[in-house]
There are 2 protein chains.
Amino acid sequence: MNVLLVYAHPESSSLNGSLKNFSVKHLEDAGHKVQVSDLYAMQWKAILDADDSTDRQPGARFDPSLDSKRAFENGTQSQDIALEQDKLRWADAVILQFPLWWFSMPAILKGWVERVYAYGFAYGVGEHSDTHWGDRYGEGMLAGKRAMLVVTTGGWESHYGPRGINGPIDDILFPIQHGILYYPGFDVLPPFMVYRTSRTDEARFSKICDELGQRLDDLWKTAPIPFRPQNAGAYAIPELTLRSDIAADQYGFDAHIARGG
Amino acid sequence: MNVLLVYAHPESSSLNGSLKNFSVKHLEDAGHKVQVSDLYAMQWKAILDADDSTDRQPGARFDPSLDSKRAFENGTQSQDIALEQDKLRWADAVILQFPLWWFSMPAILKGWVERVYAYGFAYGVGEHSDTHWGDRYGEGMLAGKRAMLVVTTGGWESHYGPRGINGPIDDILFPIQHGILYYPGFDVLPPFMVYRTSRTDEARFSKICDELGQRLDDLWKTAPIPFRPQNAGAYAIPELTLRSDIAADQYGFDAHIARGG
């Protein structure tokens, strides 16, 4: 299978760099094809702006959505954006690997999402009507592909537990896993987390690699997070609120996951 | 009072640009001093990397935390970072204004947080012991100051409601309001949200300005979100989990807010 690893850490000799190298070798040894978008090494342009298309009139008002739509339709996107979209089309599975900085992905990776996720590619896809609010949340151009986060953090696992001070890790990652990955169609696997990164000696690194290797071996076997698809009846359209008989009395992120299904 | 407005939108003639101009004028007319960090106009460097300090040895391994600590302590941070820290010290209130892109802040603003929030300035502050896990979540260098988000989104308010498909807006913003603003000490006011931005005619714009103006008038009167301080007894240290008698049986983001207090 084809795996795209999008990786965001500024230091190749870091724990993140070592885990990235491990993943590439492990996947290749298993017979998969791997491409890596090493965003720092590529000096990825993080800022979404008017320079992201090649056909814009000088002085014209810049509209982030409509300019993205026009450039995607006309084939006038910046080359770096089009190349990343080609990698996404090629991939059967996508891994986003990053250190958790201020409870989200590093800016360089956020900028990869903002620029590569063009209008017509990752949003604004499909019919928008009173019964079908676009191909999104379970449908879309990336449907049929799998995605997984690999995330490191200095904090302790308990700090990210159900009653931990930072909030539960699943909720912290919901805007990424649901809002960035499930939205354009990915099946999203549970994240692979590494906590308390400053305490990583050789023995622990070896154990982390064993666990990560298992997750990579299971990339096509692990059950995805059962997010509810938007257009299959669970939501009223266009309000896009859960129908009253779905997860009755529940609210918040967790209501959008079909537990025990 | 002194207000810092950190603003992230690429087009000055956008709704965001108009709201930013409105806020500046409204605050100045009320006698406040205002500084604006217009990140796109400043061509703010979004990427945290080894170039963020001036005294790094060529070829040395880059450690995002430890290099930030050294540069902050030694006064060898990049000038752009030190200037933004000075603005934060100067400010009595800070407003972060941005369009919600993929359920978070634009990359350029995330990069502002990552670079300006140095080790020793916004984290790694205060005693770390078995009874006091750093000055954070209610304590820290920015304690005594107020912060508020002004956020625009194309989606409908119902999409961000308690059972809306995107998840509740308060939960989507929790990693920012709690994790980025409350963490270094800010008192965080409820956000000012503008939904369905594509439907903004003159009458609606005028109404939005009236409501935003009221929020700005009330900047020092509005009750902050009652997040629970870390070191005041609600959390076990060092596990940093809520003690069993606090918000018993609750879990998730909401447990960290002292309702009805």
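See above for the structure.
Now for a description of the structure that goes with this document.

Rules used throughout
Residues numbered from 1 in each chain as written. Chains lettered and ligands numbered in written order. Predicted model: local features only at pLDDT ≥ 70, side-chain atom pairs only at ≥ 80, totals over all residues. Heavy atoms only, no water. Helix = DSSP H or I, 4+ residues; strand = E, 2+ residues; numbered from the N terminus. Expected span 1.5 Å × (residues − 1). Buried < 20%, exposed > 50% of the residue type's maximum accessible area, 1.4 Å probe, protein only. Contact = heavy atoms within 4.5 Å. Phe/Tyr/Trp six-rings, centres within 6.5 Å; stacked < 30°, edge-to-face > 60°. Lys NZ or Arg CZ within 6 Å of the ring centre and 35° of its normal. Least-squares fit on C-alpha atoms with pLDDT ≥ 70 in both. Buried area = accessible area lost by both parts, 1.4 Å probe. Polar contact = N/O pair within 3.5 Å; in protein donor to acceptor, adjacent residues only side chain to side chain. Nonpolar A, V, L, I, M, F, W, Y, C, P; charged D, E, K, R; others polar.

So, helix α1 (residues 15-29) of chain A
All names here are of chain A.
Link 1 in the chain: Look at α1: 21 Å from first C-alpha to last across 15 residues, which is about the 21 Å you get at 1.5 Å a residue.
Link 2 in the chain: Among all positions of α1, only Leu15, Asn16, Gly17, Leu19, Lys20, Ser23, Val24 and Leu27 are buried.
Link 3 in the chain: On its buried side, α1 packs onto β1 (2-7), β2 (33-38), β3 (93-99), β4 (146-152), β6 (192-194) and α6 (202-217).
Link 4 in the chain: Phi turns positive, to about 95°, at glycine 31, one or two residues after α1.

Quick look at the packing of aromatic side chains
Link 1 in the chain: For the structure on display, the rule yields 29 aromatic pairs over all chains.
Link 2 in the chain: Relative to phenylalanine 253 of chain A, the ring of phenylalanine 174 of chain A has its centre 4.1 Å away and its plane inclined at 10°; by these criteria the two rings are stacked. Pair noted here: phenylalanine 174 of chain A is in helix α5 (residues 169-182) and phenylalanine 253 of chain A is in the segment after β8 (241-242), with a separation of 79 residues, a long-range link. Comparing phenylalanine 174 of chain A with phenylalanine 253 of chain A shows no difference in burial state: the two are buried.
Link 3 in the chain: Cation over ring: arginine 196 of chain A sits above tryptophan 156 of chain A, and NZ or CZ is 4.0 Å from the ring centre.
Link 4 in the chain: When the ring centre of tyrosine 7 of chain B is taken as reference, the NZ or CZ atom of lysine 20 of chain B above it lies at 5.1 Å.

Some words on the relation of the copies chain A and chain B
Link 1 in the chain: Screw-axis analysis of chain A against chain B gives a translation of 0.0 Å along the axis, an RMSD of 0.0 Å, and a rotation angle of 180°. One copy is carried onto the other by what is essentially a two-fold rotation axis. Ranked by how close their C-alpha atoms come to the rotation axis, the residues of chain A are headed by alanine 107 of chain A, at 2.3 Å.
Link 2 in the chain: Take the interface residues of chain A: 100% of them recur as interface residues in chain B, which is what a same-surface contact looks like.

So, the interface of chain A and chain B
Reports of interface size often rely on the accessible area that becomes lost once the parts have come together.
Link 1 in the chain: Contacts between the two partners involve 69 residues from chain A, matched on the other side by 69 residues from chain B.
Link 2 in the chain: Both faces considered, chain A and chain B share a buried interface measuring about 5200 Å² in area, 64% of it formed by carbon and sulfur atoms.
Link 3 in the chain: Interface area lost by chain A to chain B is led by Trp102, Arg163 and Ile165 of chain A, which between them contribute 20%.
Link 4 in the chain: Our enumeration of links across chain A and chain B arrives at 34 residue pairs in polar contact (both at pLDDT 80 or more).
Link 5 in the chain: Within the residue set of the side of chain A that touches chain B, elements represented by two or more residues are α4 (107-116), α5 and β8 of chain A.
Link 6 in the chain: Sort the elements by how many residues they give to the side of chain A that touches chain B and α5 of chain A lands first, with seven residues.
Link 7 in the chain: Split by residue class, the side of chain A that touches chain B holds 40 nonpolar, 18 polar and 11 charged.

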